[in-house]
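A look at the structure
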Amino acid sequence: LGPFRAAERRCTATGTSMMKWLKSTERTWFSWLHFYDPHFPYDPGETLEKLYLDGPPEFPQSVFDIAQINHLRTTLPDEQIAEYKALYMAEITRVDWELHKICCQLTARKNQKETLILVTADHGESLDEHGNYFTHGDDLYDPSLRVPWLTTWFPATRSRPSLAQGRIAAGQAPLNVTAGFIATMAGLSFSAVNPLCGEIIKSWNETSTQLPDGNSY
């Protein structure tokens, strides 16, 4: 995959480690999982490569080369862009599969209806938009800034609001309300730190639309 390969553990190893730990506890728990996979260079493995490519990858992947291309504002051939995009989608798919496996195991646990699952990202990825190739952190365009926010639903209680089930919320929310959102849905008071949480949850319920059938990614 070329020089300057980032240290990375596959999401399958991270998910397996988390579920092994969870099986050893019955108490109230909190877990933060960081899946690093969809970062350049993209290495989804042969099985997933076959889902998105007609043959093995043809183009080398070098973090240094991509940095130089972005710095000098040069371009990549269309065939290379298409291959990198396919490999990126393959890595997203691997993370999606791992999240599905974890959610299935959580569903089988006691008190699963009281488990809040939130999936989001700290950044997006520019795949060739605005002349930025397979990178993030160097621009303020939507491909780098807009990320998904997926969360499970469970009913309201006296100490927490409810979320509309199977819906897509209109608008956006800043990621700095994530901690307050988790605390609010856990029935804790977080208004002193971030009073936006209650208003955001209310607006989501009022402006959301029905979630269509299909894959989340």
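**Thoughts on helix H3 (residues 63–72)**
Since there are 3.6 residues in each turn of an α-helix, residues three or four apart along the chain are aligned in direction. Along H3, the residues classified as buried are Ile66, Ile69 and Asn70. The buried side chains of H3 occupy one side of the element, clustering within an arc of 95 degrees when seen end-on. Those residues of H3 that are exposed and aimed more than 90 degrees away from the buried face are His71 and Leu72. Taken together, the buried residues of H3 touch helix H4 (78–107). Among the residues of H3, the N-terminal cap falls to Ser62, whose side-chain oxygen and the backbone nitrogen of Phe64 are separated by 3.3 Å. Residue Arg73 follows H3 closely and has a positive phi angle near 60 degrees.

**Thoughts on the environment of Cys197**
Tracing the chain through its elements places Cys197 in helix H7 (residues 196–207). The spatial distance from the C-alpha of Cys197 to the C-alpha of Asn176 is 9.9 Å, given a sequence separation of 21 residues. Discounting residues that sit within four places of it in the chain, Cys197 has contacts with Val177, Gly180, Phe181 and Thr184.

**Describing the packing of aromatic side chains**
Evaluated as defined, the whole model comprises eight aromatic pairs. Aromatic side chains Trp21 and Trp29 sit 6.2 Å apart centroid to centroid with 80 degrees between the ring planes, which places their arrangement in the edge-to-face category. Look at Trp29 and you get partly exposed, because its relative accessible area is 24%. Ring centres 5.2 Å apart and planes at 85 degrees place the aromatic pair Tyr84 and Phe134 in the edge-to-face group. Within this pair, whereas Tyr84 is found in helix H4, its partner Phe134 is found in the loop between strand E1 (118–119) and helix H5 (142–145), the two being separated by 50 residues in sequence.

**Structural notes on the confidence of the model for the protein chain**
Predicted confidence across the protein chain gives a mean pLDDT of 81, with 81% of residues reaching 70 or more. Of all the helices and strands in the protein chain, strand E4 (residues 209–210) carries the lowest mean pLDDT, 66, while helix H2 (residues 46–52) carries the highest, 94.

**Things to note about the packing of helix H1 (residues 11–22) against H4**
Contact geometry for H1 and H4: axes closest at 9 Å, N-to-C directions at 10 degrees. Our classification of the angle between H1 and H4 gives roughly parallel. Within the contact between the two elements, H1 uses Cys11, Thr12, Gly15, Thr16, Met19 and Leu22 and H4 uses Arg94, Val95, Glu98, Lys101, Ile102, Gln105 and Leu106. Here the residues of the contact of H1 with H4 are counted per class, giving six nonpolar, four polar and three charged.

Reading the values: rules and limits
- Residues numbered from 1 in each chain as written.
- Predicted model: local features only at pLDDT ≥ 70, side-chain atom pairs only at ≥ 80, totals over all residues.
- Heavy atoms only, no water.
- Buried < 20%, exposed > 50% of the residue type's maximum accessible area, 1.4 Å probe, protein only.
- Helix = DSSP H or I, 4+ residues; strand = E, 2+ residues; numbered from the N terminus.
- Arc of directions from axis to C-beta.
- Contact = heavy atoms within 4.5 Å.
- Polar contact = N/O pair within 3.5 Å; in protein donor to acceptor, adjacent residues only side chain to side chain.
- Phe/Tyr/Trp six-rings, centres within 6.5 Å; stacked < 30°, edge-to-face > 60°.
- pLDDT = per-residue confidence, 0-100.
- Axes fitted to C-alpha atoms, helices over the stretch in contact; angles between N-to-C directions.
- Parallel < 35°, antiparallel > 145°, perpendicular 65-115°, else oblique.
- Nonpolar A, V, L, I, M, F, W, Y, C, P; charged D, E, K, R; others polar.

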